[in-house]
Amino acid sequence: MQDDNEYLLICLYFSILIISSLFSPLICFIMGMLTLFLLSPFMKIGLIRVFTVFLVALQLLIIFGSRNYYDELSSDLNVYYGVYQIVNNDIKSGLSFFGGGLEIGWSLLYWVVGRFLTLEPIQLALVNSIISFLLIFIWMEKIVVPNVNINERGIIYFFFLLFVNFIMFGFLQRQSLTLGFLLFALTARKTRTLVFLVFIASLIHLSSIPIGITIYLARKINFTPKKMIILIIVLIILRLTIVPILIAIMSIISFDVVSHKLQGFSENGFNISTLRYFILYLCLLPFLFKERKFDTVNERYIYNYAIVSTLAIVAFVGVALFADRVFMVALVIYGIFYYKYVYLDNKVIGLLLALTYLFLFILEKNNIIGSLALGDTFWSRYDYWGEDVFYYLKRL
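Residues numbered from 1 in each chain as written. Predicted model: local features only at pLDDT ≥ 70, side-chain atom pairs only at ≥ 80, totals over all residues. Heavy atoms only, no water.

Student: Can you explain the overall build of the protein? Please cite residues and give values.
Tutor: A count of helices and strands for the protein gives 21 helices and zero strands. Across the 396 residues of the protein, 52% fall into the buried class. Sequence separation of at least 24 residues holds for 74% of the intrachain contacts in the protein that already meet a minimum separation of 6. (Helix = DSSP H or I, 4+ residues; strand = E, 2+ residues; numbered from the N terminus. Buried < 20%, exposed > 50% of the residue type's maximum accessible area, 1.4 Å probe, protein only. Contact = heavy atoms within 4.5 Å.)

Student: A description of helix H11 (residues 173-186) should follow, citing residues and the corresponding values.
Tutor: Compared with an ideal rise of 1.5 Å per residue, which puts 14 residues at 20 Å, H11 spans 20 Å between its outermost C-alpha atoms and is within 8% of the ideal. For H11, the principal kink sits at Leu 179 and spans about 35°. With respect to burial, H11 is a largely interior element, twelve of its 14 residues being buried. (Expected span 1.5 Å × (residues − 1). Bend = angle between axes of the 7 residues up to and from the residue.)

Student: Pulling in residues and values, what's your account of unusual backbone geometry?
Tutor: In this structure, Tyr 69 is a non-glycine residue whose phi angle is positive, near 60°. For Tyr 69, the position within the fold is in the loop between helix H3 (46-64) and helix H4 (70-73). At Phe 390, a position not held by glycine, the phi torsion is positive, near 50°. Looking at the secondary structure, you find Phe 390 in the segment after helix H21 (347-365).

Student: Go over the packing of H11 against helix H12 (residues 191-202) with me, naming the residues and quoting the values.
Tutor: Between H11 and H12, the least distance of the axes is 8 Å, while the angle of their chain directions is 170°. The angle between H11 and H12 falls in the class roughly antiparallel. Touching Thr 178, Phe 181, Leu 182, Phe 184 and Ala 185 of H11 are Leu 194, Leu 197, Val 198, Ile 200 and Ala 201, all from H12. (Axes fitted to C-alpha atoms, helices over the stretch in contact; angles between N-to-C directions. Parallel < 35°, antiparallel > 145°, perpendicular 65-115°, else oblique.)

Student: Please provide a residue-by-residue account of the packing of aromatic side chains, values included.
Tutor: Scanning the model with the defined rule gives 42 aromatic pairs in all. Seen from their ring centres, Tyr 281 and Tyr 334 are 4.8 Å apart, and the 75° between their planes marks the pair as edge-to-face. Separated by 53 residues along the polypeptide, Tyr 281 in helix H16 (residues 275-284) and Tyr 334 in helix H20 (residues 334-343) bring together distant segments of the chain. Note that Arg 67 overlies the ring of Tyr 69, its terminal NZ or CZ placed 4.2 Å from the centroid. When the ring centre of Phe 361 is taken as origin, the NZ or CZ atom of Lys 365, which lies over that ring, is 3.8 Å away. (Phe/Tyr/Trp six-rings, centres within 6.5 Å; stacked < 30°, edge-to-face > 60°. Lys NZ or Arg CZ within 6 Å of the ring centre and 35° of its normal.)

Student: Break down the pattern of salt bridges for me, citing the residues and quoting the values.
Tutor: The tally for this structure, following the rule as stated, stands at ten salt bridges. Between Arg 174 and Glu 103 there is a salt bridge, with the nearest N and O atoms lying 2.2 Å from each other. With Arg 174 in helix H11 and Glu 103 in the loop between helix H6 (91-95) and helix H7 (105-116), the pair connects residues that are 71 residues apart, well separated along the chain. Notably, a salt bridge pairs Glu 364 with Arg 276, separated by 2.5 Å at the nearest N-O pair. Taken together, the positions of Glu 364 in helix H21 and Arg 276 in helix H16 put the pair 88 residues apart, joining distant regions of the chain. The class of Arg 276 is partly exposed, set by a relative accessible area of 36%. Salt bridges here are not isolated pairs; linked through shared partners, they connect Arg 276, Glu 364 and Lys 365. (Salt bridge = Lys/Arg side-chain N within 4 Å of Asp/Glu carboxyl O.)

Student: Account for a nonpolar patch on the surface, naming residues and giving values.
Tutor: Judged by side-chain polarity, Trp 111, Val 112, Phe 116 and Leu 117 come together as a nonpolar surface patch covering roughly 410 Å² of accessible area. As for its position among the elements, Phe 116 is in helix H7. (Patch = residues over 30% accessible without salt bridge, like charges linked within 9 Å, V, L, I, M, F, W, Y side chains within 5 Å. Areas by Shrake-Rupley, 256 points an atom, 1.4 Å probe, with all protein chains shown as cover.)

Student: Before we move on, could you go through the nonpolar core and cite the residues and values that matter?
Tutor: One finds Phe 159, Leu 161 and Phe 337 to be the most contacted residues of the largest nonpolar core, which totals 127 residues. It is helix H8 (residues 121-144) that contributes the most residues to this core, twelve residues altogether. If we ignore the near neighbours within four places in the chain, the residues touching Leu 161 are Met 33, Leu 36, Val 53, Val 56, Ala 57, Leu 60 and Phe 133. (Core = buried A, V, L, I, M, F, W, Y, C linked by side-chain atoms within 4.5 Å.)

Student: Can you break down the side chain of Arg 292 residue by residue, with the values?
Tutor: Its place among the elements puts Arg 292 in the loop between H16 and helix H17 (297-315). On the basis of relative accessibility, which here comes to 19%, the residue Arg 292 falls in the buried class. For Arg 292, the side chain forms a polar contact with the side chain of Asp 345, separated by 2.7 Å. Beyond its immediate sequence surroundings of up to four residues, Arg 292 is in contact with Phe 287, Tyr 303, Lys 340, Tyr 341 and Asp 345. (Polar contact = N/O pair within 3.5 Å; in protein donor to acceptor, adjacent residues only side chain to side chain.)

Student: An account of the packing of helix H2 (residues 25-38) against H3 is needed here, citing residue identities and associated values.
Tutor: Contact pair H2 / H3: the axes reach a minimum separation of 9 Å and the direction vectors enclose 145°. Crossing of H2 over H3 shows left-handed handedness. Contacts from Pro 25, Leu 26, Cys 28, Phe 29, Gly 32, Met 33, Thr 35 and Leu 36 of H2 reach H3 at Thr 52, Val 53, Leu 55, Val 56, Gln 59, Leu 60, Ile 62 and Ile 63. Residues that form the contact of H2 with H3 fall into these classes: twelve nonpolar, four polar and no charged. (Left-handed = near helix turned anticlockwise from the far one by under 90°. Nonpolar A, V, L, I, M, F, W, Y, C, P; charged D, E, K, R; others polar.)

Laid out in structure tokens, this is it:
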């Protein structure tokens, strides 16, 4: 009888959660996040877990979709939408647009999408976010979740959704689509599988090749605190010499696609394009010095990549676009690192820091703190609350 009452209350709560999504995506997001954490034992049931995660992810999509996308439309998104239109008028012209004709994946995908949907620019960003997130979610369910305590499967998604760099899924569209393939490459059992997945990802964006090399090298190292200290010293030295090295490489290589991509990293000046992730990884760094034993090879690969990405993001601070491009994978799965190496080591500290970040996240999404580029505030296209059911769909 007690179990029946418990499940009745859970059903009632989820009904309220669904109703909140009809009228306020922000309130639904907050409730959904607390659901993942406080009702984590119920997330061992796959259907409940998938429903809750996708409901929260959709609220994130709606929250970020409330902006006017001034910054994106003035740069990358405007280009993507132009190619989307070209592809659906002349597929051959569209295929040769990115990477000197080598990066055909995005164009092929949106040629297929264009057979079924007619998209506006912001809708294109939202669709790309959904596809990118879906690929990452499949990796989470196949690789990460099975190795998590069944009563904490909601908790790891709480951290994942709290820290995931969702905004870049619609901005850096080709790079975002590679993330699912690169994550499967990170945890691939065989090297040839890794190479194949990196190759597929490189057809979407060529930056997958240096990322794939980084992933491969990270898998091969057995880290100790001493090796970590040596690595960060080497990375700092490389950081101090990176600009002249890149300039020398560009003077030798005449391939325009490579030179163009290297130029972004060689720009002079100190530039932190993802300040929040520099701070987050700086906080993660001390927890990684603890020596660990792993039950599976996948766990060791993820830990190794956490070390390499953390040390590199901290050491290369100030290099324009470095974290965004070379360690974009790490910006997406920071929540997994946080759960494994902060929360599980000290649950009190892990929870307090996460709740503080959630509080700051809510303040930011209410435009109380922080400011986006070009003054593009949240809730510009629709309000955080509406009296009509699914009121925001009219503007998405």
